[in-house]
Amino acid sequence: MTVRTVSEHPRGHSAPDSLATRFDRDGYAVLPGALTPDEVAELRAETLRICRGERGAVEGALPAVAGESDDDTVRRFLCVHYPHKLSALMLDTMRHPAIVGPLTEVIGPDIKSMQSMLFIKSEGKPGQAWHQDEMFIPTRDRSLTAAWLALDDATVDNGCLWVLPGSHRPGVVYPNREHDDARYDCTVESYDFPYDEADAVPVEIGAGSVLLFNGYLLHKSLPNTGRGFRRALVNHYMSAASLLPWAPPEAERPMAQADFRDVVLVAGRDPYAYKGLTDIRTPRVRPDRSGGCDR
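Scope of this entry: the structure provided in the associated data block. (Residues numbered from 1 in each chain as written. Predicted model: local features only at pLDDT ≥ 70, side-chain atom pairs only at ≥ 80, totals over all residues. Heavy atoms only, no water.)

Digging into the environment of A182
Part 1: Relative to the helices and strands, A182 resides in the loop between strand 7 (176-178) and strand 8 (188-190).
Part 2: A relative accessible area of 72% means that A182 is categorised as exposed.
Part 3: Here the alpha-carbon distance between A182 and G127, two residues 55 residues apart in the chain, equals 9.2 Å. (Helix = DSSP H or I, 4+ residues; strand = E, 2+ residues; numbered from the N terminus. Buried < 20%, exposed > 50% of the residue type's maximum accessible area, 1.4 Å probe, protein only.)

Below is the structure:
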């Protein structure tokens, strides 16, 4: 079987389409070389500092082992949630102009971020089954967008993302169920969607490149069967003009007014700034077989 690979260039077009056109049509778009090699190297070094505990406590992290190599220290982690709450560098990357600028083309001028995830995915580590990010992070206006920043070259062998192009367009959150497929960390998978897995394409991108994708886009990843790491920093964004019902509202407040305020404004203005901000979520590791975003 021939595997169709999505590279860092638009697929099958003699002239490049605009970012917004590609994103609207396919549900994703690649930003080649958004970060420089030096910036990527510093993010890898910061990943080691986080895994060593040098940036603060990470809930669920195992204690460091005396004499352990740098690679073995990092290898003990699959994913760290909310690294931007530990690291000024990770927070700055969430606000990076090379990422936020393109986001304003697909979301709008006012953008907030509610989550960051630092994936390590060393040799043999699992992927995640088909899912939609909007299944985990519900936005009122369907503006949820992920920015998947490769810190290593992401390839088929080491577990790059696979996507079903155009699967975001109906705006439907498909049903999900538990599974026991050892290839995947997350115990939940989407199913009963009107797309053929044969139409899935792997998105291979180089370190420093960013994959932007819509919250309704069906995507998955497979285990790292190569050698070395497949590190990635993934941030989630949405329109700051929309409420974020990611947690139950306060007592006596209608669900329609639920608005999660543990957010970071990255572009424009926050129309709900009068509500103030909260600090609810804490940095933590993802336990095996419980993958996915916070629900």
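Here's the deal with the packing of aromatic side chains
Part 1: Counted by the stated rule, this structure contains 4 aromatic pairs.
Part 2: Each ring, one from Y174 and one from F193, has its centre 6.2 Å from the other, and the planes form 65°; the classification is edge-to-face. One end of the pair, Y174, is in the loop between strand 6 (161-163) and strand 7; the other, F193, is in the loop between strand 8 and strand 9 (201-203), and 19 residues separate them in sequence.
Part 3: Measuring from ring centre to ring centre gives 4.9 Å for W246 and F260, while their planes differ by 70°; the resulting arrangement is edge-to-face. Linking W246 in the loop between strand 12 (232-239) and strand 13 (264-267) with F260 in the loop between strand 12 and strand 13, this pair joins segments that are 14 residues apart in sequence. (Phe/Tyr/Trp six-rings, centres within 6.5 Å; stacked < 30°, edge-to-face > 60°.)

Some remarks on helix 1 (residues 19-26)
Part 1: All of the buried residues in helix 1 are L19, R22, F23 and D26. Buried positions in helix 1, seen along its axis, are confined to an arc of 95° and lie on one side of it.
Part 2: The secondary structure elements touched by the buried residues of helix 1 are strand 1 (28-31), helix 5 (97-106), strand 5 (145-150) and strand 10 (210-214).
Part 3: Once helix 1 finishes, G27 follows within two positions and takes phi at roughly 90°, a positive value. (Arc of directions from axis to C-beta. Contact = heavy atoms within 4.5 Å.)

Some thoughts on the environment of L31
Part 1: By the secondary structure assignment, L31 is in strand 1.
Part 2: Taking relative accessible area as the criterion, L31 reaches 10% and is therefore assigned buried.
Part 3: Along the primary structure L31 and Y237 are separated by 206 residues, whereas in three dimensions their C-alpha atoms are 16 Å apart.
Part 4: Contact partners of L31, with chain neighbours within four places excluded, come to L19, A98, P102, S209, V210 and L212.

Side note on the pairing of strand 5
Part 1: Most of strand 5 sits out of view: 6 of its 6 residues are buried.
Part 2: Neither face of strand 5 is open: one carries T145, A147 and L149, the other A146, W148 and A150, and all of them are buried.
Part 3: Sheet topology places strand 5 next to strand 10; 5 bridges connect them, and they run antiparallel. What sits directly across from A147, in strand 10, is L212.
Part 4: With 6 bridges connecting them, strand 5 and strand 12 associate as antiparallel partners. Looking at the pairing, A147 lines up with N235 of strand 12. (Pairing = 2+ DSSP bridges.)

Considering the environment of D110
Part 1: Structurally, D110 can be placed in the loop between helix 5 and strand 3 (111-119).
Part 2: Separated by 157 residues in the primary sequence, D110 and A267 place their C-alpha atoms 5.2 Å from one another.
Part 3: Those residues in contact with D110 that sit more than four places away from it in its chain are M238, S239, A240, A267, G268 and R269.

Here's the deal with the pattern of salt bridges
Part 1: What the rule picks out here adds up to 20 salt bridges.
Part 2: The salt bridge involving D259 is made with K112; its shortest N-O contact spans 3.9 Å. Of this pair, D259 sits in the loop between strand 12 and strand 13 while K112 sits in strand 3, placing them 147 residues apart in sequence. Considered together, D259 and K112 belong to a single accessibility category, that of buried residues.
Part 3: Where D270 meets R261, a salt bridge forms, and the shortest distance between an N and an O atom there is 2.8 Å. By the burial criterion, D270 is buried, and R261 matches it.
Part 4: Each of the salt bridges in this network shares a partner with another, and the network as a whole consists of E42, E46, R49 and R55. (Salt bridge = Lys/Arg side-chain N within 4 Å of Asp/Glu carboxyl O.)

Observations concerning helix 2 (residues 37-52)
Part 1: If you check helix 2, its first and last C-alpha atoms are 23 Å apart, about what 16 residues at 1.5 Å a residue would give, namely 22 Å.
Part 2: Packed against the buried residues of helix 2 are helix 3 (70-75), strand 2 (79-81), helix 4 (88-94), strand 3 and strand 5.
Part 3: Of the residues trailing helix 2, G53 is marked for its positive phi of about 85°. (Expected span 1.5 Å × (residues − 1).)

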